[in-house]
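Summary of structural features
If you want the building blocks of each chain, they are given just below.
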Amino acid sequence: MEPTDGLLHEHSLLIEGERIHALLPTRDARQQYPAVNHIELPDHVLIPGLINAHTHVAMNLLRGLADDLPLMTWLNDHIWPVESALVSPDFVRSGTQLALAEMLRSGITCFNDMYFFPDETAQAASQAGMRAVVGMIVIDFPSAWAGNADEYFSRGIDVHDRYRSDPLIHTAFAPHAPYSVGDEALRRVRILSEELDIPVHMHVHESREEIQQSLDSYGKRPLARLDELGLLNNRLLAVHMTQLDENEIKLVADSGCHVVHCPESNLKLASGFCPLEKLLNHNINVALGTDGAASNNDLSLLGEMRTAALLAKGVACNSSAAAAHEILAMATINSARALGLDDETGSLTSGKAADIVAVDLAGIETEPVYDPLSHLVYVAERQQVTNVWVAGNHLLKDRELTSLDSKAILADVRQWQEKVRLHDKKKRTEC
Ligand SMILES: [Zn+2]
C-alpha cells in the first residue's frame with residue numbers, strides 16, 4: 001500500500017516487538033537473521049491488517065433480529081425498543097467480545113466504533129489486544145449511558161482521558177447523525193474535537209428521508225448545515241453518503257473530510273448508492289466499513305471489499321471503476337488515514353506497528369492464482385484468513401484465537417439471544 005501499491009513475491013517480514021523491522025527477500029532474511037523464529041506461510045499473501053472504519057460492535061448481539069425492513073421501521077420498531085430495554089455494560093461487553101472474535105477471524109485488526117458504553121468496548125478491545133477507536137457517542141435522547149447532553153460529553157471525555165496514552169485504544173467524537181443531534185451539541189463537538197485533536201465520526205446523508213427531514217426542520221440539506229457549523233474538515237468521517245449531488249461532492253473534496261463507504265448496509269436498508277467512482281475521481285479519501293452486524297449482517301471486510309468493487313462498477317456503468325488495488329487501499333491505508341492512524345498502521349512498512357494478516361490462497365476455491373490482489377477482492381473468503389498479528393502479538397494462530405475464549409463467548413451470547421428474543425416478541429405483541 002505504501003509507498004506505492006504492489007506485490008512482492010518470496011518476501012519476508014521481520015517483526016521485532018510491536019513493530020515491522022524490515023521487509024526483504026526471504027533468501028536474504030534467512031542469511032541476515034538466522035537465529036530468529038521463522039514462520040513459513042507457503043501459498044499465502046500477507047496484507048496490512050484490515051481496518052473496519054465504521055461499526056457498532058455491541059450490535060453483534062442483534063444480528064439477524066429484524067431483516068427486510070425500511071431503515072426507520074427497523075430502528076423504531078425493533079432495534080431501539082430492544083436497545084432501550086437491554087443495553088447495559090454487560091450487553092456491550094458481551095456483544096463486543098463476539099465482534100472482536102469475529103473480526104480477528106476475518107482479518108480485521110482495527111475498528112472504529114460508535115455505541116453506548118464505549119468504556120466497555122475500550123476495555124474489551126484492550127484485553128483482547130485489538131486496536132480500536134471508540135466513539136464518544138452524542139445523541140439527543142437519553143439512554144442507559146447518559147441522561148442528557150452534558151452527561152454524554154462528560155462521560156465520553158472520561159473515556160478519552162482514561163485511554164489518552166494507550167498505544168492501542170483511541171477515541172473519536174461520535175455524534176450519531178444530523179437528524180439526531182442538535183446544533184448546540186454539534187458546536188461543542190467541533191470545539192472539543194479541535195482542542196483534543198481527535199476525529200469526528202458521524203452518519204451523514206444515509207437516506208433520502210434524512211435529507212427531507214433536514215429540509216423540513218432546518219431549510220437546508222445536512223451537509224450544508226454541517227458546513228455552517230464548521231464540521232466539514234479533515235477530522236470528519238462522514239459515514240454512508242449515499243445522497244450526494246455534484247456540488248456536494250466538490251464541497252466534500254474541498255473540505256478534506258473523509259467518506260466511509262458501507263455498501264452492504266446501504267444495500268440491505270435500501271438507503272441508496274454511494275457514488276464511489278466519482279468520490280475517488282475527486283481524490284476524496286474513501287475508507288471502508290461494515291456498519292453493525294444488525295444491518296449487514298456480518299463483519300467481513302473481505303466481503304465488503306467485493307461488494308464495494310462490484311457495486312461501484314454497476315453504479316458507474318464502468319467495469320474499470322474501483323479497481324482491486326483501490327479497494328484494498330480503502331480497507332487499509334485509507335481507513336488508517338481517516339482515523340489519523342496512518343503513521344501507525346495501514347501498510348506493511350518498516351517502523352509501523354506489526355498489524356498483519358495472512359490469507360491462504362491455496363485450494364480448490366481459489367486456484368489458479370494469477371493475481372493475488374484480484375483474488376483478495378473477488379475470490380477470497382474470510383475463512384481463508386489463517387494468521388493475524390496486532391502490534392506484533394499473534395492473536396489468530398492457524399485460525400485459533402489466542403486472546404479470546406470462543407466457547408465462553410458463545411455460551412454468553414446464547415443467553416443474550418433468549419433475552420433479546422423475549423423483548424422483541426414483547427414489543428411485537430404490544431404493536
Ligand atoms: Zn452505522
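Relevant structure appears above.
Notes on the structure in this doc start here. (Residues numbered from 1 in each chain as written. Predicted model: local features only at pLDDT ≥ 70, side-chain atom pairs only at ≥ 80, totals over all residues. Heavy atoms only, no water.)

1. With respect to helix α2 (residues 71-86)
Structural remark: α-helix, 3.6 residues per turn; residues separated by three or four positions point the same way. Rule in force here: Two axes define the bend at a residue: one fitted to the seven residues ending there, one fitted to the seven starting there, and the bend is the angle between them. Numbering goes from the N terminus for both helices and strands, where a helix is a DSSP run of H or I of at least four residues and a strand is a run of E of at least two. Accessibility here uses a 1.4 Å probe with only protein chains present; expressed as a share of the type maximum, an area under 20% marks a residue as buried, one over 50% as exposed, and anything in between as partly exposed.
Bending of α2 peaks at approximately 35 degrees at the position of Ile79, with proline Pro81 no more than four residues after it. Every buried residue of α2 is accounted for by Leu71, Trp74, Leu75, His78, Ile79, Pro81, Val82, Glu83 and Leu86.

2. A short note on helix α5 (residues 149-162)
For clarity, the cut-off: Every helix has an expected span of 1.5 Å times one less than the residues it contains. Here the arc refers to the directions that run from the helix axis out to each C-beta atom. Should any heavy atoms of two residues lie within 4.5 Å, those residues are considered in contact. Two N or O atoms count as a polar contact when they lie within 3.5 Å, although within protein this holds only if one can serve as hydrogen donor and the other as acceptor, and sequence-adjacent residues are included solely when both atoms are side-chain atoms.
Across its 14 residues, α5 extends 20 Å between first and last C-alpha, which sits within 8% of the 20 Å expected from 1.5 Å per residue. Considered for burial, the residues of α5 that qualify are Tyr152, Phe153, Gly156, Val159 and His160. The buried residues of α5 occupy an angular sector of 125 degrees when projected down its axis, which confines them to one face. On its buried side, α5 packs onto α4 (118-128), β6 (131-138), β7 (169-175) and α6 (183-196). With a side-chain oxygen lying 3.1 Å from the backbone nitrogen of Asp150, the N-terminal cap of α5 falls on Asn148.

3. Comments concerning the sheet that holds strand β12 (residues 356-360)
We count it as follows: In short, DSSP must find at least two bridges between two strands for them to pair. The axes are straight lines fitted to the C-alpha atoms, using for helices just the contacting stretch, and the angles between their N-to-C directions are given from 0 to 180°.
Read from one edge to the other, the open sheet built from five strands follows the order β3-β12-β13-β14-β15, with strand pairing classed as antiparallel. At either margin of the open sheet sits one strand with a lone partner, and together these are β3 (44-48) and β15 (400-401). In the packing of helix α3 (residues 89-104) onto the sheet, the strands contacted are β13 (385-390), β14 (393-397) and β15, and the crossing angle to β13 comes to about 115 degrees.

4. Some words on the coordination of the zinc ion
Test applied: In this description, a donor is an N, O or S atom within 2.8 Å of the metal centre, a cutoff extended to 3.2 Å for sodium, potassium and calcium. Water is not part of the atom list, which can make sites seem incomplete.
Of the protein atoms, only His54 (NE2), His56 (NE2), His203 (NE2) and Asp291 (OD) coordinate the zinc ion, at distances of 2.1 to 2.3 Å. Mapped onto the sequence, the residues coordinating the zinc ion show the spacing H-x1-H-x146-H-x87-D. Linking His56 in the loop between β4 (50-55) and α2 with His203 in strand β8 (residues 200-204), this pair joins segments that are 147 residues apart in sequence. Look at His203 and you get buried, because its relative accessible area is 5%.

5. Focus on the side chain of Glu102
Position of Glu102 relative to the elements: it lies in helix α3. Separated by 2.8 Å, the side chains of Glu102 and Arg382 make a polar contact.

6. Details of the layout of surface pockets
The cut-off we apply is this: Grid spacing is 1 Å over the protein atoms alone, the probe is 1.4 Å, and a cavity is where that probe fits but cannot get out, while a pocket is an open set with protein on both sides within 12 Å along at least five of seven lines and lining residues have an atom within 4 Å of a point. Grid points are joined across faces, edges and corners, and a volume is the space filled by probe spheres set on the points. Gly falls in the polar group here, along with every residue not listed as nonpolar (Ala, Val, Leu, Ile, Met, Phe, Trp, Tyr, Cys, Pro) or charged (Asp, Glu, Lys, Arg).
Of the voids in this model, the largest pocket is the one considered here, and its volume is about 1,600 Å³. Contributing to the lining of the largest pocket are 48 residues, with His11, Ser12, Leu13, His44 and Leu46 lying nearest its centre. When contributions to the lining of the largest pocket are tallied by element, the ones reaching two or more residues are β1 (11-16), β2 (19-25), α1 (26-32), β3 and α15 (372-378). Class assignment for the residues of the lining of the largest pocket results in 29 nonpolar, 12 polar and seven charged. Size it by volume and the second largest pocket reaches roughly 420 Å³. Forming the walls of the second largest pocket are 29 residues, and the residues nearest its centre are Leu75, Trp80, Glu83, Phe116 and His176. Looking at which element gives the most residues to the lining of the second largest pocket, the answer is α2, with seven residues. Per-class residue counts for the lining of the second largest pocket are 19 nonpolar, seven polar and three charged.

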